[in-house]
Amino acid sequence: MSDLSFFWVVSESAEVRAYAIELKGGGAKSGTIVEQLQKGADLIHKLMENKPVVFVPVLVHASLTTLQIRDLKRARISFRGRPYMISLARCGTNVGKVPV
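Residues numbered from 1 in each chain as written. Predicted model: local features only at pLDDT ≥ 70, side-chain atom pairs only at ≥ 80, totals over all residues. Heavy atoms only, no water.

A. Quick look at the overall build of the protein chain. Within the protein chain, the secondary structure is distributed over two helices and six strands. Summarising its shape, the C-alpha atoms of the protein chain cover approximately 35 × 25 × 20 Å along the three principal directions. Within the protein chain, the proportion of its 100 residues that are buried is 37%. A separation threshold of at least 6 residues defines the contact pool for the protein chain, and within that pool the share at least 24 residues apart is 66%. Total accessible area computed for the protein chain in this model is approximately 5,900 Å², and 55% of it derives from carbon and sulfur atoms. (Helix = DSSP H or I, 4+ residues; strand = E, 2+ residues; numbered from the N terminus. Buried < 20%, exposed > 50% of the residue type's maximum accessible area, 1.4 Å probe, protein only. Contact = heavy atoms within 4.5 Å. Areas by Shrake-Rupley, 256 points an atom, 1.4 Å probe, with all protein chains shown as cover.)

Here is the structure:
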């Protein structure tokens, strides 16, 4: 399962964002990252089954190889039947500012 799942209500719009976040310091396989984020997406779906949410899968990382970046940009996380790109963020990034 992803390392962290959290929900954030954006006060200006009352929009609920649901983040599945995987934290990696390095040395992770792209397939494992995708699998972990998918499990986080599945958990969020169960918790928020009938509620509208904006889903955001995020990998927070210390460093990635060029091949990992390529693989992760091609990968998709399924949430409620729709594919979502994984947002990549370096350690220290304000996750609330990750593009939705």
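B. A look at the pairing of strand S5 (residues 82-85). Across four bridges, strand S4 (residues 76-79) lies against S5 in antiparallel orientation. From the neighbouring strand, arginine 76 faces S5, where its bridge partner is methionine 85. The hairpin turn running from S4 into S5, its antiparallel successor, is two residues long, and arginine 80 in that turn takes a positive phi close to 55°. (Pairing = 2+ DSSP bridges.)

C. Inspection of the packing of aromatic side chains at higher detail. The tally for this structure, following the rule as stated, stands at three aromatic pairs. Arranged with centres 4.4 Å apart and planes meeting at 15°, the rings of phenylalanine 55 and phenylalanine 79 form a pair that is stacked. Of the two residues, phenylalanine 55 is situated in strand S3 (residues 54-61) and phenylalanine 79 in strand S4; the sequence distance between them amounts to 24 residues. Phenylalanine 79 matches phenylalanine 55 in its accessibility class, with the two residues each being buried. (Phe/Tyr/Trp six-rings, centres within 6.5 Å; stacked < 30°, edge-to-face > 60°.)

D. Representation of helix H1 (residues 30-47) within the structure. For H1, with 18 residues, the first-to-last C-alpha span of 26 Å sits near the 26 Å given by 1.5 Å per residue. Along H1, the positions that sit buried rather than exposed are Ser30, Ile33, Gln36, Leu37, Gly40, Ala41 and Ile44. Along the axis of H1, the buried residues cluster in a sector spanning 145°; they form a single face. (Expected span 1.5 Å × (residues − 1). Arc of directions from axis to C-beta.)

E. Broad picture of the pairing of strand S2 (residues 15-24). Sheet topology note: the S2/S3 ladder contains eight bridges and is parallel. Bridging across to S3, glutamate 22 finds its partner in leucine 59. Note that the unit made of S2, H1 and S3 has a crossover that is right-handed. (Right-handed = clockwise from strand over helix to strand, strands pointing away.)

F. Region of interest: the confidence of the model for the protein chain. Here the protein chain shows a mean pLDDT of 88. Residues at 70 or above account for 93%. Considering each helix and strand of the protein chain separately, the mean pLDDT is smallest for strand S1 (residues 4-10), with a value of 70, and largest for S4, with 98. (pLDDT = per-residue confidence, 0-100.)

G. Looking closely at the packing of H1 against helix H2 (residues 66-74). The interhelical angle for the contact between H1 and H2, taken along N-to-C directions, is 35°, at an axis separation of 9 Å. Crossing of H1 against H2: the hand is right-handed. In contact with Ser30, Ile33 and Val34 of H1, H2 contributes Gln68, Asp71 and Leu72. Along the lines of polarity and charge, the residues of the contact of H1 with H2 split into three nonpolar, two polar and one charged. (Axes fitted to C-alpha atoms, helices over the stretch in contact; angles between N-to-C directions. Left-handed = near helix turned anticlockwise from the far one by under 90°. Nonpolar A, V, L, I, M, F, W, Y, C, P; charged D, E, K, R; others polar.)

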